[in-house]
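# Observations on the model geometry
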Amino acid sequence: MIQTDVTKQKFITLDDITVRLFDRFVLAHTFWEINRGENWAVIGPNGSGKSTLVRALASEVPIVRGRIVNHSPRPMKDLVGYVSFELHRDLIREEADRDDARCFSDNFNDLTTVRQIILSGTGGVTSGKNQLERIVNYLDIDHLLDRRIRFLSTGEMRRVIIARALLKEPELLILDEPYDCLDVSSRRHLAEIIDMLMRTGVQVIFVAHRTDDLPSGISHVICTDDSTVVAKGRRDDILNSKMIDTLFTTSRTLPYELHSEERVAKKCVDEQSKILIEMHDITVSYGGRAVIKDLHWTMSRGEHWAITGPNGSGKTTLLNLITGDNLQAYSNDVCLFGRRRGSGETLGDIRKQLGFLSFDYQIYYRQNIGIFDVVLSGFFDSVGLYRYASVDQRETARRWLAIMGLEDRGEKRFDHCSYGEQRLVLLARAMVKTPSLLILDEPCEGLDRANRDMIMQLLDHIGTNTGTHLLYVTHREEDIPVCVTHRLAFEKTSDDNYRIRCFPV
């Protein structure tokens, strides 16, 4: 473990700060002194202010009281490297916005590459070719440099953003939930890189919901709750205190109202269609590279499937074939609910029977409306609410907000919610219409312990007691619901390709 310098040479001080977050003041009267040689973890439940605290350090939110004192000779903007969901979201949204210009110029081949994204984050710091090669080799993304970012998996994009931050040669590296959406091997590899960086003098601030994820080199911990710093100190003193149990063991139980959903859900299943998904000899390629090859797979009524595999193996591509977001579904033999893709059904016809939650969908849900209206939009499969909702629909939306513990926040704007809160809202949105098939791509990422436990209970209830079937993607074995009956696993072969195995569990 990194040892704190006994002289306690100051590095950065947050001196009695208060932060403005949208239309309110948070983290009032916060004091935090970061000394040379210290590596900090920031922990706390969803919506507690963790990300806001580190965003203040990264100059991403305004300080309305107090000051941040930089004791280093380098300017703050060059001193700090920052990796977060918000940065990931902004980079993907900027790429989507560039499509408007490409549409007018008829130049759709000019897509942003990984190399361009990494180099764009240096902030004026000049890094040589050798430095770039060293960083991309550390992160095992050298093979991605010339790939378009649109064709990256979520986990691959996360590593690219980390490389972007490291190329800046920061003295302080802020990592906000860096393990989200990374597979087991990538998490282990990144943990080794983080520990190596600490040993070479880069100080790290690591934001996490799971205390088991904390790197071994973390020396100090600061805790937030209800937009307030509630504790800080040396790692062992904080993690072994009773306060940690209080912070993370708030129990969430499923309300009785769930049982009223069962009768409705069972009516949504087409009794004439015994097979929900059927794929024969499926191959999907990009630029001559086969992402999925020769897949044969059937998902029948009564089954719940987990989809597992490394980052970039093809899991999201498979989901997009089902939802219709990948047009190669129409050049392959894909059947949903007994109808072949391209046989005259509309995208709306299919989506009426689907509920969907993914990291990418969370990025692209850009309507700045209240979370109650976001949940209501699930009835109409729209991004935003453009139709009148009936009394019954509004009551159902309220019940699902209550299930998620958000019943008193219906007017809060979706874009003002924390990452974890947005996750819960979008899961409620996916469930209001009691879909025949609920597709979940890493639904527990970004959730604290209480919310993860509640979601796992909820999904087991849905899978066991209703007519909704689960298709569940995860990198974490501990997050697979008990009700899952089968697994589709992408497994790496000796020639760096992937084979797909389907089997009961």
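Residues numbered from 1 in each chain as written. Predicted model: local features only at pLDDT ≥ 70, side-chain atom pairs only at ≥ 80, totals over all residues. Heavy atoms only, no water.

## A closer look at the nonpolar core
Within soluble globular proteins, side chains that are nonpolar tend to cluster in buried spots. We apply this condition: We call a set of buried Ala, Val, Leu, Ile, Met, Phe, Trp, Tyr and Cys residues a nonpolar core when their side-chain atoms join them within 4.5 Å. Buried means the residue's accessible area, taken with a 1.4 Å probe over protein chains only, is under 20% of the maximum for its type, while exposed means over 50%, and partly exposed covers the values in between. It only takes one pair of heavy atoms within 4.5 Å for two residues to be counted as in contact.
Residues Ile 277, Met 279, Trp 297, Leu 318, Met 404, Ile 455 and Leu 471 are the most contacted members of the largest nonpolar core, which totals 70 residues. The residues contacting Leu 471, other than those within four sequence positions of it, are Ile 277, Trp 297, Met 299, Trp 305, Ile 307, Leu 319, Ile 322, Leu 437, Leu 438, Ile 439 and Leu 440. Formed by 54 residues, the second largest nonpolar core is a distinct cluster that contains Leu 139, Ile 161, Met 198 and Ile 218.

## What about the sheet that holds strand E10 (residues 275–286)?
To be explicit about the condition: Two strands pair under a simple rule: DSSP has to find at least two bridges between them. Strands here mean DSSP runs of E at least two residues long; helices mean DSSP runs of H or I at least four residues long; both are numbered from the N terminus. The convention used is that axes are lines fitted to C-alpha atoms, helices contributing only their stretch in contact, and that angles between N-to-C directions extend from 0 to 180 degrees.
Judged by pairing direction, the sheet is antiparallel, and its four strands sit side by side in the order E11-E10-E13-E14 without closing on themselves. Single-partner strands in this sheet number two, and they are strand E11 (289–300) and strand E14 (339–340). Pairing of strand E13 (residues 333–336) with E14, which is carried by two bridges, proceeds in the antiparallel orientation. Bridge pairing in E14 links Cys 335 to Arg 340. Taken strand by strand, helix H11 (residues 315–323) contacts E10, E11 and E13, and its axis lies near 125 degrees from that of E10.

## Thoughts on the pairing of strand E7 (residues 203–208)
In plain terms, the rule: By convention, orient the strands away from the viewer: a clockwise path from the first strand over the helix to the second makes the crossover right-handed.
Taking burial as the measure, the six residues of E7 include six buried ones, the bulk of the element. Bridge count between strand E3 (residues 40–43) and E7: four bridges; the pairing is parallel. Bridge pairing links Ile 43 to Ala 208 in E7. As a crossover connection, the stretch from strand E6 (residues 172–176) through helix H7 (residues 184–199) into E7 is right-handed.

## Looking at the pattern of salt bridges
Put simply, the test is: In the sections that follow, a salt bridge refers to a side-chain nitrogen of Lys or Arg positioned within 4 Å of a carboxyl oxygen of Asp or Glu.
According to the stated counting rule, one finds 26 salt bridges in the structure shown. Its salt-bridge partner being Asp 16, residue Arg 65 comes within 3.5 Å of it at the nearest N-O pair. Residue Arg 65 is located in strand E4 (residues 63–70), and its partner Asp 16 is located in strand E1 (residues 10–21); the two are separated by 49 residues in the primary sequence. Judged by its relative accessible area of 41%, Arg 65 is partly exposed. Judged by its relative accessible area of 17%, Asp 16 is buried. The residue Arg 476 makes a salt bridge to Glu 445 at a minimum N-O spacing of 3.6 Å. Here Glu 445 lies in the loop between strand E16 (437–441) and helix H17 (449–465) and Arg 476 lies in the loop between strand E17 (469–473) and strand E18 (486–492), a separation of 31 residues in the sequence. No difference in accessibility class separates Arg 476 from Glu 445, as the two residues are buried. Overlapping salt bridges bring together Arg 210, Asp 213, Glu 445, Arg 476, Glu 478 and Asp 479 as one network.

## Observations concerning helix H16 (residues 419–431)
Every α-helix winds through 3.6 residues per turn, so residues three or four apart in the chain are directed the same way. Put simply, the rule reads: Expected helix span is taken as 1.5 Å per residue step, with the number of steps being one fewer than the number of residues.
Counted at 1.5 Å a residue, the expected span for H16 with its 13 residues is 18 Å, and the 19 Å between its end C-alpha atoms agrees. In terms of burial, H16 is largely enclosed, as 13 of its 13 residues are buried.

## Concerning the confidence of the model for the protein
Condition: Predictor confidence is given residue by residue as pLDDT, running from a minimum of 0 to a maximum of 100.
The pLDDT averaged across the protein works out to 87; a share of 90% of its residues lies at or above 70. Every residue in residues 1–6 scores below 50 in pLDDT, and together they form 18 contacts with partners more than four places removed in sequence or on other chains.

## Remarks on the packing of helix H5 (residues 129–138) against helix H6 (residues 154–167)
The geometry of a pair of packed helices is captured by two quantities: the angle between their axes and the separation between those axes. Going by this rule: Handedness of a helix crossing follows the sense of rotation of the near helix relative to the far helix, less than a right angle counterclockwise being left-handed and clockwise being right-handed.
Two numbers describe how H5 lies on H6: the axes approach to 10 Å, and their chain directions differ by 145 degrees. Taken as a pair, H5 and H6 cross one another with a handedness that is right-handed. In contact with Gln 131, Leu 132 and Ile 135 of H5, H6 contributes Ala 163, Leu 166 and Leu 167.

## A look at the packing of aromatic side chains
Keep this limit in mind: Pairing of aromatic rings covers Phe, Tyr and Trp, the last through its six-membered ring, and needs centres within 6.5 Å; plane angles under 30 degrees mean stacked, over 60 mean edge-to-face, and all others mean tilted.
Under the definition given, this model contains ten aromatic pairs. Seen in terms of ring centroids, Phe 356 and Tyr 361 are 6.4 Å apart; in terms of plane orientation they differ by 75 degrees. Their pairing is edge-to-face. Overall, Phe 356 belongs to the buried group, its relative accessible area being 18%. Following the ring pairs from residue to residue traces out a cluster consisting of Phe 356, Tyr 361, Tyr 365 and Phe 414.

## Notes on the environment of Val 204
Within the fold, Val 204 resides in strand E7. For Val 204, a relative accessible area of 1% translates into the label buried. Each C-alpha atom, one on Val 204 and one on Leu 172, is 5.7 Å from the other, the two residues being 32 residues apart in sequence.

## Quick notes on the packing of H16 against H17
Under the convention used in this document: To sort the angles, those under 35 degrees are grouped as roughly parallel, those over 145 as roughly antiparallel, those from 65 to 115 as roughly perpendicular, and the leftovers as oblique. Note that Gly is not counted as nonpolar here; it falls among the polar residues with everything else outside the nonpolar set of Ala, Val, Leu, Ile, Met, Phe, Trp, Tyr, Cys and Pro and the charged set of Asp, Glu, Lys and Arg.
Viewed as axis vectors pointing N to C, H16 and H17 meet at an angle of 10 degrees, and their least axial separation amounts to 12 Å. Judged on the interaxial angle alone, H17 and H16 are roughly parallel. For the pair H16 and H17, contact is made by Leu 424, Leu 427 and Met 431 and by Asn 451, Met 454, Ile 455, Leu 458 and Ile 462, respectively. Among the residues making up the contact of H16 with H17, the classes are represented as seven nonpolar, one polar and no charged.

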